[in-house]
Amino acid sequence: MARSETEPPEQEILRRWEREQAQLKANVIEEDTEEWQKDSTFAGLERVGGVDLSYVKGNDTVACASLVVLSYPDLEVLYEDCQMVTVSAPYVAGYLAFREAPFLVEAARRLQEREPGLRPQVLLVDGNGMLHHRGFGVACHLGVLTGLPCVGVAKNLLQVDGLAKDEQHKGQIRDLQTGGDVFPLRGTSGRVLGMALRSYNKSTKPIYVSVGHRTCLESAVRLVQACCRYRIPEPIRQADIRSREYIRKHLSSPLGCTSPGPGRKEDAEPKH
């Protein structure tokens, strides 16, 4: 369809992205598809991947895309791929995947070419899955495009479908007494969009887990908890550490040279 003469280019991009999201969303599988997921100890799971993008401080167009693969259950790094990328797509709330996912899909493709035996059996993604404005966040996007089971893990609550950081939510967080405690994120629609998880005894801040692709929510939460040595699950934590270190080495810059990028700042409204 030709663009209307009065429709700005930005609106055309958003319309195209929304159509693509809807088409890809139809392929999301919200249930376990792997044998290891059905075992209480995840017997058969040997490799867990983590992905992250870290931006050069003060520059939201230059970033390092990182993919790591860790052994399970030992959580030792088996593979890492860090590459500087130029991010040209605009940042728009709810469409983060169109800005970042292509670089992470490419990293997964490189892994398949270089070390197919180290292909992860599941990916943990720094961002949301079905906990999203249209039920299709970056973890869903990556899952559908790579074909891998994916789990979304966000540091902040995305306030959609009536979810809010209100007094009720703060009270539920206070009730999380120990690592492994959870409460459901039920929207006004009545649907459970994800789970808030206290992932680490020494952290009072929960993380927010949601289905990406080829997993049920219960399995996703159990896996994330099993991968946590600290608040952030180790595959994502290692991807973040290594991408930041790569930027420091690549730019020969001081320690303060990285940024979470638009929509990823801990103290900002989350946009995943």
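Residues numbered from 1 in each chain as written. Predicted model: local features only at pLDDT ≥ 70, side-chain atom pairs only at ≥ 80, totals over all residues. Heavy atoms only, no water.

### Some thoughts on the overall build of the protein chain
So the rule is basically this: In this text, helices come from DSSP runs of H or I with a minimum length of four residues, and strands from runs of E with a minimum of two, each type numbered from the N-terminal end. To sort residues, take the accessible area from a 1.4 Å probe on protein chains only and compare it with the maximum for the residue type: under 20% means buried, over 50% means exposed, and anything in between is partly exposed. Residue contacts follow a heavy-atom distance rule, with two residues in contact if any of their heavy atoms lie within 4.5 Å. Per-residue and other accessible areas were derived by the Shrake-Rupley procedure at a 1.4 Å probe size, with only the shown protein chains allowed to occlude residues. Asp and Glu are treated as the negative residues and Lys and Arg as the positive ones, with His and the ends of the chain left uncounted. Every charge is mapped to an atom, namely NZ of Lys, CZ of Arg, CG of Asp or CD of Glu.
Looking only at helices and strands, the protein chain has 6 helices and 9 strands in total. With the C-alpha coordinates of the protein chain rotated into their principal frame, the extents come out at 55 × 45 × 40 Å. Split into buried and exposed, the 272 residues of the protein chain put 51% on the buried side. In the protein chain, the proportion of contacts linking residues at least 24 apart, taken out of those at least 6 apart, comes to 67%. When the accessible surface of the protein chain is summed, it comes to about 12,600 Å², and 49% of that surface belongs to carbon and sulfur atoms. When the 35 basic and 36 acidic side-chain charges of the protein chain are each reduced to a single mean position, those positions are 3 Å apart.

### Some remarks on the nonpolar core
Rules: For the purposes of this section, nonpolar cores are sets of buried Ala, Val, Leu, Ile, Met, Phe, Trp, Tyr and Cys residues that join through side-chain atoms within 4.5 Å.
Counting 33 residues, the largest nonpolar core has Leu45, Leu124, Val151, Leu223 and Val224 as the members making the most contacts within it. Every element with two or more residues in this core is listed here: β2 (62–71), β4 (122–126), α3 (138–146), β5 (150–154), β7 (192–197), β8 (207–213), α5 (217–226) and α6 (234–251). Residues within four places of Leu223 in sequence aside, it is in contact with Trp36, Phe42, Leu45, Val122 and Leu124. In terms of nonpolar packing, the next biggest core, distinct from the first, is built from 22 residues, Leu53, Tyr79, Ala107 and Leu142 among them.

### Brief notes about the environment of Leu158
With respect to the secondary-structure elements, Leu158 resides in the loop between β5 and α4 (167–174). In this structure the C-alpha to C-alpha distance between Leu158 and Phe183, which are 25 residues apart in sequence, comes to 15 Å.

### What to know about the pattern of salt bridges
Operational definition: Salt bridges are identified by distance alone: a Lys or Arg side-chain nitrogen within 4 Å of an Asp or Glu carboxyl oxygen.
Evaluation of the coordinates by the stated rule reveals 17 salt bridges. Linking Arg110 and Asp81 is a salt bridge whose minimum nitrogen-to-oxygen distance equals 2.8 Å. Remark: Asp81 occurs in strand β3 (residues 77–86) and Arg110 occurs in helix α2 (residues 96–114); sequence separation between them is 29 residues. Residue Arg110 is classed as buried on the basis of its relative accessible area, which comes to 8%. With a shortest N-O distance of 2.8 Å, Arg244 and Asp240 are connected by a salt bridge. Of this pair, Arg244 and Asp240 both sit in helix α6, separated by 4 residues, roughly a single helical turn.

### A look at the packing of aromatic side chains
The following threshold applies: Each pair of aromatic rings taken from Phe, Tyr and Trp, with Trp reduced to its six-membered ring, is defined by centres within 6.5 Å and is described as stacked if the planes are under 30 degrees apart, edge-to-face if over 60, and tilted in the remaining cases. For a ring to carry a charge above it, either NZ of a lysine or CZ of an arginine must fall within 6 Å of the ring centroid while also lying within 35 degrees of the normal to the ring plane.
Tallying each qualifying case throughout the model produces 6 aromatic pairs. Where Phe42 meets Tyr72, the ring centres are 6.3 Å apart and the plane angle is 75 degrees; that geometry is what we call edge-to-face. Here the residue Phe42 occupies a position in the loop between α1 (9–25) and β1 (47–56), and Tyr72 occupies one in the loop between β2 and β3, the gap between them amounting to 30 residues. Classification of Phe42 as buried rests on a relative accessible area of 4%. On the basis of relative accessible area, Tyr72 is assigned to the buried category, the value being 13%. Through successive ring pairs, a cluster of aromatic residues spans Trp17, Tyr95 and Phe98. Just above the ring of Tyr95 sits the side chain of Arg134; from NZ or CZ to the centre is 4.2 Å.

### Details of the confidence of the model for the protein chain
Selection criterion: Confidence scores here are pLDDT values: one per residue, from the predictor, ranging 0 to 100.
Of all residues in the protein chain, 90% have pLDDT values of 70 or greater, and the mean over the chain is 91. Counting interchain partners and residues more than four positions distant, the pLDDT-below-50 stretch residues 266–272 has 23 contacts.

### Notes on α5
Taken together, the buried positions of α5 are occupied by Leu217, Ser219, Ala220, Val221, Leu223 and Val224. Tucked into the core, α5 has its buried residues touching β4, β5, β6 (182–186), β7 and β8.

### Thoughts on unusual backbone geometry
For the peptide bond that leads from Tyr72 to Pro73, omega is 10 degrees, which places it in the cis range. Within the fold, Pro73 resides in the loop between β2 and β3. The phi torsion at Leu75 lies on the positive side, around 60 degrees, for a residue other than glycine. Structurally, the position occupied by Leu75 is in the loop between β2 and β3. On the basis of relative accessibility, which here comes to 6%, the residue Leu75 falls in the buried class.

### Some words on the pairing of β8
Residues in a regular strand project their side chains so that they alternate between the two faces of the sheet. This is how the line gets drawn: By this definition, two strands are paired if DSSP reports at least two bridges between them.
Of all 7 residues in β8, 7 are buried, a share of seventy percent or more. Across 5 bridges, β5 lies against β8 in antiparallel orientation. Directly across from Gly152, in β8, lies its bridge partner Ser210. As defined by bridge partners, β7 adjoins β8 across 3 bridges and the pair is classed as antiparallel. Pairing of Ala196 across the sheet is with Tyr208, part of β8.

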